[in-house]
Amino acid sequence: MLFSLKVFRRFPTPEAIATRTMYYKELKSPALIKTGRDILKNIDWILKDAHFYYSDKVLLTQKILFDEYKDQLNLNVFSEIIFVQGGDASEAAELAGKINGLDVILFGFGGGSVIDLVKYIGTKCDIPFVTMPTTLSNDSLCSTVARLMSGGKKRSYAVQPPLGILIDFGVVSRSPKNLTLAGVADVISNQSAVKDWLLSNRNTGEPVDELAMMLAKSAPTSLFKYNAEEVGSDEFLYDLASGLILSGMSMMVTGSSRGASGSEHLISHAIDEYFPDKSTIHGLQVGWAHLMVEKYCRKDMVEYARLSSFYERIGLMATIRDCVPWKEEEFAGLIPYAKTIRKRYTIFDAL
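The numbering scheme is per chain: residues are counted from 1 as the chain's sequence reads. For this predicted model, a pLDDT threshold of at least 70 governs which residues receive local features, and a threshold of 80 or more governs which side-chain atom pairs are given and counted, while totals over whole chains, interfaces and linings are taken from all residues. Side-chain descriptors were evaluated using all non-hydrogen atoms of the structure, hydrogens and water having been removed beforehand.

A. Quick peek at the sheet that holds strand β8 (residues 164-168). Pairing between strands is defined by DSSP: at least two bridges between the two strands are required. Secondary structure elements are taken from DSSP: a helix is a run of H or I of four residues or more, a strand is a run of E of two residues or more, and numbering for both begins at the N terminus. Across the sheet, which stays open at both edges, the six strands sit in the order β1-β8-β5-β4-β2-β3 with parallel pairing between neighbours. Only two strands of the sheet have a single partner each, and these edge strands are β1 (32-36) and β3 (80-83). Taken over all neighbouring pairs, the strand axes of this sheet differ in orientation by 15° on average, direction set aside. In this sheet, strand β5 (residues 129-133) lies alongside strand β4 (residues 104-110) in parallel orientation, the contact comprising five bridges. Its bridge partner lying in β5, phenylalanine 109 is registered against methionine 132. Between N-to-C directions, angles cover 0 to 180 degrees, with each direction set by a line fitted to C-alpha atoms, over the stretch in contact for helices.

Structure follows, in structure tokens:
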């Protein structure tokens, strides 16, 4: 006897497809990342090559920076160049009122204070923006957080990621070495932030986004091979830029700075908030706090020794000694202040 087997294929309905896509996370990430030499004078060509077309391009920068790099910047066409102070929310609100509703793309050329200003304005006005850092001192070039002064205090604001990131090695290589090393410390501190995240997962059940954690953990790995003599080379600058961008991408995935900001960042923000007269470069404060957390809170002397050795080899330890005016014995006194900064479970809550 013969049996026939009929196979019926069921095609999903549009409703079913729509339901399935709910499980995918939408991620806004930079559509354009370009690093290398001679970036600054080729902005228009880079945009055209990437098929970015806007009615107007507005450059926001500080006058001292424009004067220094005007020969390169003037090889591009900007509909307007606006000189800013940077770093203050009141200035951002004023500029947002002028730009809102225009078909423009913003370019922020400067350090973290200028870039954070542009990120805030772009987000407030729903205008695309491109970050062009003059220093690689922290992950502001890509992060979804802007730190601006408001009422005499530094505040954190949630912002959109940039549409593009342009990094000219000829520019950032001229940055003061202590700023570059601050960027190294900021990326390396992801290792501390990740430990705090995992600790919170174990002790409080806080969920962990594993993609965000993978990005946060991978950000520092390529930096440990360098020594002081190699700081400023194109290879080093590329790896530092990559680490800062991966760190920012981690924030984009999870919607917070969890994988890139833990107990060590709480110490730095507490210094800014409560002891502004003893505040210094963010990344250097974070680097110092990272060491102190490993030594006195986690009591992981193996990790402390590994970090200290790398800090000495790359020149970061000497820079921290020169720039961070805090002593080891003062660290414990900062912890109660750090715990007031934000509701985020860290090693401080487990002591």
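The rest of the description comes next.
B. How the structure looks around helix α7 (residues 177-188). In this analysis, the expected span of each helix is defined as 1.5 Å times one less than the number of residues it contains. Taking 1.5 Å of rise per residue, 12 residues should cover 16 Å, and α7 covers 17 Å from first to last C-alpha, within 8% of that figure. Remark: exposure states derive from per-residue accessible area (1.4 Å probe, protein chains only) relative to the maximum for the residue type, with buried under 20%, exposed over 50%, and partly exposed in between. Counting buried positions along α7 yields nine of 12 residues, so the element is predominantly enclosed. For α7, the full list of buried residues reads Thr180, Leu181, Ala182, Gly183, Val184, Ala185, Asp186, Val187 and Ile188. Only heavy atoms enter the contact rule, under which two residues are in contact if any of them lie within 4.5 Å. As for α7, its buried residues are in contact with α8 (190-204), α10 (234-254), α11 (263-274), α12 (282-297), α13 (301-314) and α14 (316-323).

C. Representation of the nonpolar core within the structure. Counting 61 residues, the largest nonpolar core has Ile267, Trp288 and Phe348 as the members making the most contacts within it. Of the residues forming this core, the biggest block, nine residues, is contributed by α10. Residues in contact with phenylalanine 348, not counting those within four places in the same chain, are Ser263, Leu266, Ile267, Val293, Cys297, Phe331, Ile335, Ala338 and Lys339. Residue types Ala, Val, Leu, Ile, Met, Phe, Trp, Tyr and Cys, when buried and joined through side-chain atoms within 4.5 Å, form a set referred to as a nonpolar core.

D. Local environment of helix α4 (residues 89-99). When α4 is considered as a whole, its buried residues turn out to be Ala89, Glu91, Ala92, Leu95, Ala96 and Ile99. The arc enclosing the buried residues of α4, seen along the axis, measures out at 150°, which places them on a common side. The exposed residues of α4 that point more than 90 degrees off its buried face are Ser90, Glu94, Gly97 and Lys98. Contact partners of the buried residues in α4: β2 (56-61), β3, β4, α5 (112-125), β6 (145-150) and β7 (153-158). This arc corresponds to the set of directions leading from the helix axis out to the C-beta atoms.

E. Examining the confidence of the model for the protein more closely. pLDDT is defined as a per-residue confidence score from the predictor, taking values between 0 and 100. When the pLDDT values of the protein are averaged, the result is 91; 93% of them are 70 or greater. Confidence over residues 1-9 falls short of pLDDT 50; this stretch has zero contacts with residues more than four positions distant or in other chains.

F. Representation of the packing of aromatic side chains in the model. The pairing test for Phe, Tyr and Trp rings, Trp by its six-membered ring, is centres within 6.5 Å, and the orientation test on the planes gives stacked under 30 degrees, edge-to-face over 60, and tilted for anything in between. Under the counting rule described, the total for this entry stands at 11 aromatic pairs. A ring pair is formed by phenylalanine 78 and phenylalanine 107, whose centres lie 5.8 Å apart and whose planes are at 75°; its orientation type is edge-to-face. Of the two residues, phenylalanine 78 is situated in the loop between α3 (63-73) and β3 and phenylalanine 107 in strand β4; the sequence distance between them amounts to 29 residues. In terms of burial, phenylalanine 78 and phenylalanine 107 fall into one category: buried. Ring geometry for phenylalanine 224 and phenylalanine 310: centres 4.8 Å apart, planes at 50°, overall tilted. One end of the pair, phenylalanine 224, is in the loop between α9 (210-218) and α10; the other, phenylalanine 310, is in helix α13, with 86 residues separating them in the sequence. Phenylalanine 310 shares its class with phenylalanine 224; the two are buried. Members of the aromatic cluster, joined through ring pairs, are Tyr274, Phe275, Trp326 and Tyr337. To sit over a ring, a charge needs its Lys NZ or Arg CZ within 6 Å of the ring centre and within 35 degrees of the ring normal. If you follow lysine 278 out to its NZ or CZ, it ends over the ring of tryptophan 326, 3.8 Å from the centre. Positioned above the aromatic ring of phenylalanine 224, the side-chain terminus of arginine 306 is 4.7 Å from the ring centre.

G. Just the packing of α7 against α8, in detail. Two elements in contact, α7 and α8, have axes separated by 5 Å at closest approach and are oriented at 20°. If you check the angle between α7 and α8, you find them roughly parallel. Residues Asp186, Val187 and Ile188 of α7 form the contact with α8, whose own contacting residues are Asn190, Gln191 and Ser192. Each residue is assigned to one class: nonpolar for Ala, Val, Leu, Ile, Met, Phe, Trp, Tyr, Cys and Pro, charged for Asp, Glu, Lys and Arg, and polar for all the others, Gly among them. Of the residues belonging to the contact of α7 with α8, the class tally is two nonpolar, three polar and one charged. Note on angle classes: values under 35 degrees are labelled roughly parallel, values over 145 roughly antiparallel, values of 65 to 115 roughly perpendicular, and the remainder oblique.

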